[in-house]
Amino acid sequence: MKKIIMMALCIALSISLISCGKASVSKSRESSKHNNVIKWFDCLNGDQMVWDGVREYDLEEFSGVTFRWSSEKMEAVTDEKIIPLYYGMPIWSAYFYDLTGDGNPELCSTLSFGSGMIDNRIMIYDYANGMSYELSDRGNYDYILNMQDDSLVVEKRAYMQDELIEFGELVFLNNAIQIKTED
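These numbers come from a predicted model, not from an experiment.

Chemist: Now, about unusual backbone geometry: what can you tell me, with residues and values included?
Modeler: A cis amide bond links Met-89 to the next residue, Pro-90, at an omega of 5°. Position of Pro-90 among the secondary structure elements: in the loop between β7 (82-87) and β8 (93-97). For Met-160, which is not glycine, the phi dihedral falls at a positive 55°. Turning to its location among the elements, Met-160 is positioned in the loop between β13 (151-158) and β14 (164-173). A residue is classified by how much of its surface remains accessible, and Met-160, at 60% relative accessible area, is exposed. Non-glycine residue Asn-174 carries a positive phi angle of around 55°. By secondary structure assignment, the location of Asn-174 is in the loop between β14 and β15 (176-180). A residue is classified by how much of its surface remains accessible, and Asn-174, at 75% relative accessible area, is exposed.

So, in structure tokens, the structure goes:
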């Protein structure tokens, strides 16, 4: 009887693991807009990670372009080509927000990076101008992006620790990503 129960549990576990690995495709037009911030997804704050799947998003500001996410890369897809934007291990989140003030939203993400020594960092990709910006300090701090009170905020923590070092709004000043803290 114990063997039958163990076998049934193994089969049930196998089925659930197989169904978790199936590719899923989602195409969104608008997830959540606040103060010009568009949340596409955030797996560190409630959205499900689709490890073997794909997510796609179209923005009216970039006609003819579909942004495509898989757990390890972000791409821009047009009729002519696929443009790699950035990589992560994985890319945990994606928001659209006009951080540079040029009238076009940038892709803003939290991603993990590394092999053996892994850190969390923030990547901003300015698709309109083909530029990327990163907020990272490997081995010293981890950075996590999320949305709070209708704006994008950054949590700066001691590397691989829960200790919050700094918290504030994500801003772009002097050609760099910065954390604007309350004075």
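Chemist: Describe the pairing of strand β3 (residues 37-42), and please don't skip the residues or the numbers.
Modeler: Of all 6 residues making up β3, 6 are buried, and the element is well covered by its neighbours. One ladder, built from 4 bridges, connects β3 with β8; its direction is antiparallel. Looking at β8, one finds that Phe-41 is bridged to Ala-94.

Chemist: Run through the environment of Leu-145, naming residues and quoting values.
Modeler: The topology assignment puts Leu-145 in strand β12 (residues 141-148). Note on Leu-145: relative accessible area 0%, which makes it buried. Taking C-alpha positions, Leu-145 is 6.5 Å from Glu-155, a pair spaced 10 residues apart along the chain. Non-local contacts of Leu-145, meaning those with residues more than four positions away in its chain, are made with Asp-42, Asn-45, Ser-93, Tyr-95, Cys-108, Ser-109, Thr-110, Ile-122, Leu-152, Val-153, Val-154 and Leu-170.

Chemist: Just give me the short version of the sheet that holds β12, but keep the residues and values in it.
Modeler: With antiparallel pairing, the 4 strands of this open sheet are ordered in space as β12-β13-β14-β15. Each edge of the open sheet is held by one strand with a lone partner, namely β12 and β15. This sheet shows a mean twist of 40° between the axes of neighbouring strands, independent of strand direction. Relative to β15, β14 is paired through 5 bridges, and the arrangement is antiparallel. Paired with Phe-172 across the bridge in β15 is Ile-177.

What counts, and where the lines are drawn
Residues numbered from 1 in each chain as written. Predicted model: local features only at pLDDT ≥ 70, side-chain atom pairs only at ≥ 80, totals over all residues. Heavy atoms only, no water. Helix = DSSP H or I, 4+ residues; strand = E, 2+ residues; numbered from the N terminus. Buried < 20%, exposed > 50% of the residue type's maximum accessible area, 1.4 Å probe, protein only. Pairing = 2+ DSSP bridges. Contact = heavy atoms within 4.5 Å. Axes fitted to C-alpha atoms, helices over the stretch in contact; angles between N-to-C directions.

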